[in-house]
Amino acid sequence: MSLHSFSSARFCTSKFPICFHLSKPSKFPLFSNRSISFEKIPTKSPPPLRSSSTQLQPMEELPPKLQEIIKLFQSVEEPKAKYEQLMFYGKNLNPLDTQFKTKENKVEGCVSQVWVRAYLDEDKNVFYQADSDSVLTKGLAALLVNGLSGRPAQEILRVSPDFAVLLGLQQSLTPSRNNGFLNMLKLMQRKALELLIEAEKGNGSYGNGQVVNDNSEKPVENSNSDPKVGESSGVQFSSKKSNEDSSSGLGSRGMRIKEKLERELSPIELEVEDVSYQHAGHAGVRGSDGETHFNVRIVSKEFEGKSLVKRHRLIYGLLDEELQTGLHALSLVAKTPSEVEAK
Amino acid sequence: MMEGVVVKLPSFPFLYPTVSPSSPNCRLGFRRFSAPLSAAVKEGSVSLGHSTRPDFPILHQKVNGSNLVYLDNAATSQKPTAVLKALQDYYETYNSNVHRGIHYLSAKATDEYELARKKVAAFINASDSTEIVFTRNATEAINLVAYSWGLSNLRPGNEIILSIAEHHSAIVPWQIVAKITGAILRFVSLDENEVPDVEELRGMISERTKLVVVHHVSNVLGSVLPIEDIVIWAHAVGAKVLVDACQSVPHMVVDVQGLDADFLVASSHKMCGPTGVGFLFGKSNLLLDMPPFLGGGEMISDVFLDHSTYAEPPSRFEAGTPAIGEAIGLGAAIDYLSGIGMQKIHDYEMELANYLYEKLCSVPNIRIYGPKPSDNIHRAALCSFNVENIHPTDLATFLDQQHGVAIRSGHHCAQPLHRHLGVNASARASLHFYNTREDVDEFIRSLDDTVSFFNSFK
């Protein structure tokens, strides 16, 4: 077959797809006659990429409210419920006055419009306000506003954006939106830094540079004159850190749960924490009267020899009546005494 | 791997119409020809969407737990197996640099590359393949015209007419060049049908006009402009016309001689071809007078230390090693499209366009941009829209996450248009011939669910 009669080759190629039927060698007979051998050149394989998750900032270093928010989102597994929770945050965000919707306050890299404003209170804690025209983005902004407000600038600056992974939201949100989230955080940190620098210049100016002659700027006059910005949002962030015995603050269901578990499992350690307030946002809770979500940590001999699944089933079985009457979810830690000692 | 192709082939015979030499589809001399249709198969019994879907492997997957419904074709189209095979075949069997090689591989690569050029020319009915310049994409093609033709032809006070609905790629290069040359940009606004005002355009054309830059089909409004008329008016005053055909070439018959366009641009990736290649059509006499755009190898004739002479068009405008495999892939895409027939594709998409528009209208509080379809107004198979009180990004996110429906949200590279419409962003669903009525149904169902979800939170 002449290789130089390209005109014939041209017509051949127009039937390309059909040529795929044929086994390879017949297309280029010349090549099939030659056996070409290849020797693999050993190359150094590239070092494995270190995933950022192995180097996550320890949770304890994050502002306490942010830790709570993270735990909350971790416990909500269904993506749709996560959205609802996010939107609930956004809905309860304090409105941002139009005068603050400036270019300096706008977050870059967001598909929707997002503004963030920052100011200091008398104790040099940073407070944020934000708004967005997209409810999901507003939710993300609210998450940050609630999580970071009321903290000293240095603590805010130490927050690494990796925690976004912990939220489990990145599966729920597109990369571009997640980048907007990172940019929001960056902007908030930048503003915290600016405020810090300005305050350290030491002439008692509390505002961030671009807002002038504004009375509502007076930090004491935060919308509630209360460092807990979250308060007005209807979602309480008073940290209900559980102690050894956290029967204080438990309602009737909480007490019943505690009682039942104590009776049936004779635990050496038992902590029951009502975290229903954290879930006030999403559908599982609507229409019920609180006392829907609990964290339970229980150490008991009864778990010996039982797999994790069996342990959880045991607890659910004991609390079946509660589950039928409004208890929505339990976050369980069930250990044996030896497991706890081994730590 | 080869076996996979054999299985798919049986679907092709449904698509090839029997073609007579005079039919507009039969421009391409090298088009492949399959066996005659089996008598048992009635043509038209299966919709074009259903019959072509098997050719697009990417459509058959789940995203976020739901079946993918891909409705972002105006942003980029999907590629049929034939194109993928062409690319693979190129790299596996004859990849080589083009134009100067002596050896077998290089000769074959050159041949296929130039054949692809001929296919493009035939596809848009250019009179000669030397009128086709391969570029990286349509944007680069427009820049080529701006920097090459624009810089050497525009004088202070000359006017360039555009519409406010142009894609950024059709606006920004001219802003840059206008600043350098002292030319002035003038913009045509929308009429009451939300279509660029053709009468206003006509009125704007004067002896100061040197160039009219218009889209053929709008990527936001879905409207189609009467290019033939615009060209007549422009030529009457000696002005040239640059047609942005990115949204028309993939979806309908485009005939540059019939339109008498001076320049026309399109991107391969929107017409089932690979990314990385696009083309500029320019009338021979215009290209011959244009200075080079990018300098380098391939576009020269002789190179000395103090000066160089340049090649004839189209090589003059193709500096450096081109996207050879990709151009060949584009050729394969053109073969595939021609195999179906652009008129058939257009007719099917018209039906789908009307169906989409109709069903979208049923969504409460929806605002669709562009003209209402009627007997004399045809819409392309795309709809940009907003639902009251819900940000389009929220819509698009939820549709993707909960329903696997892919639409676009943003300004679609048409910020001036969105500013005129008074919105920051819009959502857009855009179809291609491999979409089906069921895709539209699923989209609407998902959209209803999404809207309810967000409304329940107010």
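Residues numbered from 1 in each chain as written. Chains lettered and ligands numbered in written order. Predicted model: local features only at pLDDT ≥ 70, side-chain atom pairs only at ≥ 80, totals over all residues. Heavy atoms only, no water.

Looking at the overall build of chain A
Condition: Only runs of H or I of at least four residues qualify as helices and only runs of E of at least two qualify as strands under DSSP, and these elements are numbered from the N terminus. Throughout this description, buried means an accessible area under 20% of the type-specific maximum (1.4 Å probe, protein chains only), exposed means over 50%, and partly exposed covers the range between. Every residue pair with non-hydrogen atoms within 4.5 Å of one another is taken to be in contact. Here, Shrake-Rupley sampling with a 1.4 Å probe gives the accessible areas, and only protein chains in the shown set may cover a residue.
Counting its secondary structure elements, chain A contains 13 helices and six strands. When burial is assessed residue by residue, chain A has 45% of its 343 residues classed as buried. Across chain A, contacts joining residues at least 24 apart in sequence account for 69% of those joining residues at least 6 apart. By element, 53% of the accessible surface of chain A is carried by carbon and sulfur atoms, the whole surface being about 18,600 Å².

Quick word on the overall build of chain B
In terms of helices and strands, chain B carries 15 helices and 17 strands. Along the three orthogonal principal directions, the C-alpha set of chain B runs to about 70 × 55 × 40 Å. Evaluated residue by residue, chain B yields a buried proportion of 59% over its 458 residues. Residue pairs in contact within chain B that sit at least 24 positions apart in sequence constitute 71% of those at least 6 positions apart. For chain B, the computed accessible surface area is about 17,800 Å², with 53% contributed by carbon and sulfur atoms.

Let's talk about the nonpolar core
Residues and elements named next belong to chain B. Heads up, the rule is: The criterion is simple. A nonpolar core is a set of buried Ala, Val, Leu, Ile, Met, Phe, Trp, Tyr and Cys residues joined through side-chain atoms within 4.5 Å.
One finds Leu264, Leu360, Phe385, Phe433 and Phe443 to be the most contacted residues of the largest nonpolar core, which totals 153 residues. Counting residues per element, this core draws most heavily on helix α11 (residues 324–340), at ten residues. Ignoring sequence-local partners within four residues, the contact set of leucine 264 consists of Ile124, Leu242, Val243, Ala245, Val249, Val254, Val256, Leu259, Phe279, Leu280 and Phe281. Ala146, Val177, Ala183 and Leu185 belong to the second-largest nonpolar core, a separate cluster that totals 29 residues.

Regarding the packing of aromatic side chains
What counts is decided by this rule: Working definition: a ring pair exists when centres of Phe, Tyr or Trp rings (six-membered ring for Trp) sit within 6.5 Å. Plane angles under 30 degrees give stacked, over 60 give edge-to-face, the rest tilted. Note on geometry: a ring has a charge over it if NZ (lysine) or CZ (arginine) is within 6 Å of the ring centre and within 35 degrees of the ring normal.
Across all of its chains, the model carries 18 aromatic pairs over all chains by this definition. Between A:Tyr83 and B:Phe398, the aromatic rings sit 5.7 Å apart at their centres with planes inclined by 50 degrees, giving tilted as the arrangement. Separated into two different chains, A:Tyr83 in helix α5 (residues 79–91) and B:Phe398 in helix α13 (residues 392–403) make up a pair that spans both. Measuring from centroid to centroid gives 5.3 Å for B:Phe433 and B:Tyr434, while their planes differ by 75 degrees, and the two rings are edge-to-face. Lying across the ring of B:Tyr94, B:Lys108 places its NZ or CZ 4.9 Å from the centre.

Overview of the pattern of salt bridges
Just so we agree on the cut-off: Just to be clear on terms, a salt bridge is a Lys or Arg side-chain nitrogen sitting within 4 Å of an Asp or Glu carboxyl oxygen.
Inspection of the entire model under this criterion finds 27 salt bridges over all chains. Between B:Arg117 and B:Glu114 there is a salt bridge, with its nearest N and O atoms 2.8 Å apart. With a gap of three residues between them, B:Arg117 and B:Glu114 both fall in helix α4 (residues 104–123), about one helical turn apart. On the basis of relative accessibility, which here comes to 2%, the residue B:Arg117 falls in the buried class. When its relative accessible area of 22% is taken as the criterion, B:Glu114 is described as partly exposed. Among the ionic pairs, B:Arg208 bridges to B:Glu159, the shortest N-O distance being 3.0 Å. Of the two residues, B:Arg208 is situated in the loop between α7 (198–204) and β7 (209–215) and B:Glu159 in strand β5 (residues 159–163); the sequence distance between them amounts to 49 residues. On the basis of relative accessibility, which here comes to 38%, the residue B:Arg208 falls in the partly exposed class. On the basis of relative accessibility, which here comes to 6%, the residue B:Glu159 falls in the buried class. One continuous salt-bridge network, built from bridges that share partners, spans A:Lys101, A:Asp131 and A:Lys138.

Quick notes on the packing of α4(B) against α11(B)
Residues and elements named next belong to chain B. To be explicit about the condition: Note on geometry: axes are C-alpha line fits, over the in-contact stretch for helices, and angles between N-to-C directions span 0 to 180 degrees. Under this scheme an angle from 65 to 115 degrees is roughly perpendicular, one under 35 degrees roughly parallel, and one over 145 degrees roughly antiparallel; angles in between are oblique. Helix crossings fall into two classes, left-handed where the near helix is turned counterclockwise from the far one by less than a right angle and right-handed where it is turned clockwise. Asp, Glu, Lys and Arg are counted as charged, while Ala, Val, Leu, Ile, Met, Phe, Trp, Tyr, Cys and Pro are counted as nonpolar; the rest, among them Gly, fall into the polar class.
Two numbers describe how α4 lies on α11: the axes approach to 8 Å, and their chain directions differ by 45 degrees. Considering the angle they form, α4 stands oblique to α11. α4 and α11 meet at a crossing whose hand is left-handed. Facing Ala109, Glu112, Tyr113, Ala116, Lys119, Val120 and Phe123 of α4, the residues of α11 in contact are Ile324, Ala327, Ile328, Leu330, Gly331, Ile334, Asp335, Leu337 and Ser338. For the contact of α4 with α11, a count of residues per class yields eleven nonpolar, two polar and three charged.

Brief notes about the sheet that holds strand β8 (residues 240–244) of chain B
Residue and element names in this part refer to chain B. Basically, it comes down to this: Each pair of strands is called paired provided DSSP finds at least two bridges between the two strands.
Ordered by their spatial adjacency, seven strands build an open sheet running β4-β10-β9-β8-β7-β5-β6, and the pairing between neighbours is mixed. With one partner strand each, in any of the chains shown, β4 (132–135) and β6 (184–188) form the two edges of the open sheet. Adjacent strand axes in the sheet meet at a mean angle of 20 degrees when their direction is disregarded. Judged from the four bridges that link them, β5 and β7 form a sheet pairing that is parallel. Among the inter-strand pairings, glutamate 159 is bridged to a residue of β7, identified as threonine 209.

A closer look at the confidence of the model for chain A
Residues and elements named next belong to chain A. To be explicit about the condition: Each residue carries a pLDDT value, the predictor's own confidence for that position, ranging from 0 to 100.
For chain A, per-residue confidence averages 72 on the pLDDT scale, and residues scoring 70 or more make up 62% of the total. In the model of chain A, helix α2 (residues 16–19) stands out as the element of lowest mean pLDDT, 40, in contrast to strand β2 (residues 125–132), which has the highest, 93. Low confidence marks residues 48–53, where pLDDT is under 50. Its contacts with residues over four positions away, or in another chain, come to two contacts.

Describing the UniProt feature "domain: Aminotransferase class V" (unreviewed entry) in chain B
Going by this rule: UniProt positions are given in the numbering used here, feature names are shortened, and annotations may be inferred rather than shown by experiment.
UniProt annotation of "domain: Aminotransferase class V" (unreviewed entry) refers to residues 69–443 of chain B when read in the numbering used here. Within residues 69–443 of chain B, the helical portion is 41% and the strand portion 17%, while the C-alpha atoms at the span's ends are 8 Å from each other.

As for the sheet that holds strand β5 (residues 293–299) of chain A
All names here are of chain A. Read from one edge to the other, the open sheet built from three strands follows the order β4-β5-β6, with strand pairing classed as mixed. Each end of this open sheet is capped by a strand with a single partner; those strands are β4 (269–274) and β6 (329–335). Neighbour to neighbour, the strand axes of the sheet diverge by 10 degrees on average, direction disregarded. Here β5 runs beside β6; their pairing, made up of seven bridges, is parallel. Pairing of valine 299 across the sheet is with lysine 335, part of β6. Sitting on the sheet, helix α11 (residues 308–318) touches β5 and β6, and the angle it makes with β6 is about 130 degrees.

Remarks on unusual backbone geometry
All names here are of chain B. In the segment running from proline 313 into proline 314, the intervening peptide bond is cis, with an omega of 0 degrees. Here proline 314 is to be found in the loop between β12 (308–310) and α11. At asparagine 125, a residue that is not glycine, the phi angle is positive and equals roughly 60 degrees. Tracing the backbone shows asparagine 125 in the loop between α4 and β4.

Things to note about the packing of α5(A) against helix α6 (residues 135–148) of chain A
Residue and element names in this part refer to chain A. The N-to-C vectors of α5 and α6 enclose an angle of 70 degrees; their axes lie 7 Å apart at closest approach. Considering the angle they form, α5 stands roughly perpendicular to α6. Two packed elements cross with a definite hand, and for α5 against α6 that hand is left-handed. Across from Tyr83, Leu86, Met87, Tyr89 and Gly90 in α5, the residues of α6 making contact are Val135, Leu136, Lys138, Gly139, Leu140, Ala142, Leu143 and Asn146. Here the contact of α5 with α6 is built from residues that sort into nine nonpolar, three polar and one charged.

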